[in-house]
Amino acid sequence: FVYAGRAGYTENQSKLCSLKSGNLPGQVMVRVGEDGLFVLSFNILLARGRVYVADNILKRVQVLDRDGRAQVLIGEKVPVPVGDRLIQTQFNFSVLGDMAVDSDNNLYIQNRIASGGSGEELDFSPSYVLKFDEDGKLQYTLGKAGAPNIPFDYIDSMEIDRRDRLFVVSRKFNTWNVSRFDGKKRDFAINLSNGDFREREANTEYEGKIDNVKILRSGESFLVAVSFFSELRFKYRKIYSYSVKDSRIERTIMSIPDPKNELFTVVDDMHLYLWNIDVGRTRFIICNFDGNIVNNVL
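Residues numbered from 1 in each chain as written. Predicted model: local features only at pLDDT ≥ 70, side-chain atom pairs only at ≥ 80, totals over all residues. Heavy atoms only, no water.

### Overview of the environment of Ile 215
Positionally, Ile 215 belongs in strand 19 (residues 204-215). Residue Ile 215 is classed as buried on the basis of its relative accessible area of 11%. Counting along the chain gives 37 residues from Ile 215 to Val 178, while the straight-line C-alpha distance between them is 9.0 Å. In this structure, Ile 215 is in contact with Glu 159, Phe 167, Val 169, Val 178, Ser 221 and Phe 222, ignoring residues within four places of it in sequence. (Helix = DSSP H or I, 4+ residues; strand = E, 2+ residues; numbered from the N terminus. Buried < 20%, exposed > 50% of the residue type's maximum accessible area, 1.4 Å probe, protein only. Contact = heavy atoms within 4.5 Å.)

Quick look at the structure:
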């Protein structure tokens, strides 16, 4: 089931569509493990009134309308009933990851290089980004520097800003990389390491550990969540605003004393969602960019 809610008012959620398990157009193949639990082998993106489904069992990507009807299928072609207007494009994917969509309905797909492992090991294999047009035709492939000769490290997320520039957040060990692409050209890149973030109290210096990076829709800044520790004891977490133009921290948005309140997402460049799992219950704290709490959602 796919649900949606208004930013800051998610108690008013509503169901958008439901997808059946299967290999027919409009369906997603669901795998159940030996322990009886579902294996998360697919990814879902809601963008511009459509539902995008990446299926790693059937090795295909589908574009669905809000009623769950398939409009475009990229992957192994399938028979369709006479009269159906499904656009199909043959493509051999490796391991499907994150997705992003621009204002022209171009689709960007993370295609991981299979490492021969299994399960979550595949998450940390290098990746390329594939750009498809609205009809599922491949336009070009992006690598770490633009040209696809060097793959990205593990891709944490991909975002499209208001000017249709693609941001790719990737990381490796203790470093995070943020890259911005205008078409095929990479016009911004920064490497952030844990050592870039330090706090001093009295005669003690604390080195931070980057938890998360979230891109703002403006495309001119992004957020960095950093946790600080005294040896192994958590002290606090800070969320910084980082300027793309100046390649520096603009300001500290908020300081968080509770280690359970982690940065989950940013909505409309206005609300920060912090999440907290306590005894099996997930709670979202919604804050503005002044660090003030505006809502709580269970």
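### Some remarks on the packing of aromatic side chains
A complete count under the given rule lists 11 aromatic pairs for this structure. Members of the aromatic cluster, connected to one another through ring pairs, are Phe 264, Tyr 273, Trp 275 and Phe 284. (Phe/Tyr/Trp six-rings, centres within 6.5 Å; stacked < 30°, edge-to-face > 60°.)

### Some details on the sheet that holds strand 14 (residues 154-160)
Strand order across the open sheet formed by four strands is 14-15-16-17, with antiparallel pairing between neighbours. For this open sheet the edge positions go to strand 14 and strand 17 (185-193), each flanked by a neighbour on one side alone. Direction aside, the axes of adjacent strands within the sheet are offset by 15° on average. Pairing between strand 16 (residues 175-182) and strand 17: eight bridges, direction antiparallel. In the strand pairing of strand 17, Arg 180 is matched with Phe 188. (Pairing = 2+ DSSP bridges. Axes fitted to C-alpha atoms, helices over the stretch in contact; angles between N-to-C directions.)

### Points about the pattern of salt bridges
With the rule as written, the count across this model stands at 17 salt bridges. Asp 187 is paired through a salt bridge with Arg 180; the nearest N and O atoms lie 2.9 Å apart. Residue classification places Asp 187 among the partly exposed positions, given a relative accessible area of 32%. With a shortest N-O distance of 3.8 Å, Glu 205 and Arg 200 are connected by a salt bridge. Given a relative accessible area of 42%, Glu 205 falls into the partly exposed group. Judged by its relative accessible area of 54%, Arg 200 is exposed. The network of salt bridges with common partners includes Asp 161, Arg 165, Arg 180, Asp 187 and Glu 220. (Salt bridge = Lys/Arg side-chain N within 4 Å of Asp/Glu carboxyl O.)

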